[in-house]
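# Fold and geometry: a report
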Amino acid sequence: MAPTPDELEAARSRLLPDVLPGPGDPPLRVLFCGINPGLVSALTGHHFARPGNRFWPALHAAGFTPRRLAPAEQGELRALGLGVTNVAPRATARADELDDAELVAGGERLRALVADVAPRWLAVVGIGAYRVAFGDRRAVAGRQERTLGPTGLWVLPNPSGLNAHQTPATLAAAFRELREAAG
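Presented here is a report on the structure given in the accompanying data block.

What counts, and where the lines are drawn
- Residues numbered from 1 in each chain as written.
- Predicted model: local features only at pLDDT ≥ 70, side-chain atom pairs only at ≥ 80, totals over all residues.
- Heavy atoms only, no water.
- Phe/Tyr/Trp six-rings, centres within 6.5 Å; stacked < 30°, edge-to-face > 60°.
- Helix = DSSP H or I, 4+ residues; strand = E, 2+ residues; numbered from the N terminus.
- Buried < 20%, exposed > 50% of the residue type's maximum accessible area, 1.4 Å probe, protein only.
- Expected span 1.5 Å × (residues − 1).
- Arc of directions from axis to C-beta.
- Polar contact = N/O pair within 3.5 Å; in protein donor to acceptor, adjacent residues only side chain to side chain.
- Salt bridge = Lys/Arg side-chain N within 4 Å of Asp/Glu carboxyl O.

### A closer look at the packing of aromatic side chains
- One pass over the full model with this rule turns up 8 aromatic pairs.
- Plain terms: the ring middles of Phe 32 and Phe 175 are 6.0 Å apart, the flat faces sit at 10° to each other, and that makes the pair stacked. Note that Phe 32 is positioned in strand 1 (residues 30-34) and Phe 175 in helix 6 (residues 168-182), a separation of 143 residues in sequence.
- With a relative accessible area of 0%, Phe 32 lands in the buried category.
- Within the aromatic cluster, the residues linked to one another by ring pairs are Phe 32, Phe 48, Phe 55, Trp 56, Phe 64 and Phe 175.

### Regarding helix 4 (residues 100-117)
- Given a rise of 1.5 Å per residue, 18 residues ought to cover 26 Å, and the 25 Å separating the end C-alpha atoms of helix 4 matches this to within 8%.
- Along helix 4, the residues classified as buried are Leu 103, Gly 106, Gly 107, Leu 110, Leu 113 and Val 114. When helix 4 is viewed along its axis, its buried side chains cluster within an angular range of 130° and face the same direction. Exposed side chains of helix 4 directed beyond 90 degrees from the buried face belong to Ala 101, Ala 115 and Asp 116.
- Backbone nitrogen of Ala 101 and a side-chain oxygen of the N-cap are separated by 3.2 Å at the start of helix 4; the cap is Asp 99.

### Topic: the pattern of salt bridges
- Counted under the stated rule, the structure contains 9 salt bridges.
- Two residues, Arg 12 and Glu 9, come together in a salt bridge whose shortest N-O distance is 2.8 Å.
- Of the charged contacts in the structure, one is a salt bridge between Glu 76 and Arg 67, with a shortest N-O distance of 3.3 Å.
- Owing to a relative accessible area of 37%, Arg 67 belongs among the partly exposed residues under this scheme.
- Ionic contacts of the salt-bridge type, sharing partners, join the residues Glu 9, Arg 12 and Glu 97 into one network.

### Focus on unusual backbone geometry
- One non-glycine residue, Phe 48, lies in the positive phi region at around 50°.
- Tracing the chain through its elements places Phe 48 in the loop between helix 2 (39-44) and helix 3 (55-61).
- The phi dihedral of Ala 118 is positive, around 50°, even though this residue is not glycine.
- For Ala 118, the location among the structural elements is in the loop between helix 4 and strand 3 (121-125).
- Exposure remark for Ala 118: the relative accessible area of 49% places this residue in the partly exposed category.

### Here we look at the environment of Ala 10
- Examined against the element boundaries, Ala 10 turns out to sit in helix 1 (residues 5-10).
- Each C-alpha atom of the pair Ala 10 and Leu 69 lies 27 Å from the other, and the pair is 59 residues apart in sequence.

See the structure below:
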């Protein structure tokens, strides 16, 4: 059953926990970083949960997962050396509701998180958010020259269904390029 407008509005105040490896999980190969939680994600507690978001299909099509996972199965990423976080913690209906200060603060939080969990790659899904969070207005999608210590930086297209100029095939290809680099 679809959430009501009141339920979605109430979700704006919720924080969405990161999906990070725990004891006994393999080292973190890729930490995927969304822009911020959508209202459906905040309501359900699952990253990339809005119907029509193409993150989970792209992850599978690129070979990161053995099958297409549902958002409620996000915990299975840990055993695959994968994790999920966001640049900004505040849930919104659309990422353009965030201001630059929130994205810059998120970039600082990401630097600290990466230093703590040491992924091989930090993959930000959304070029605009990456440009603001990391102060690199000329960044393009793909592998970045800049690193965070030993962690490589990668920018992926935003898999939101609102990003209409990316098709499932182009998203899968972009995610696959990262998977090949991540091993």
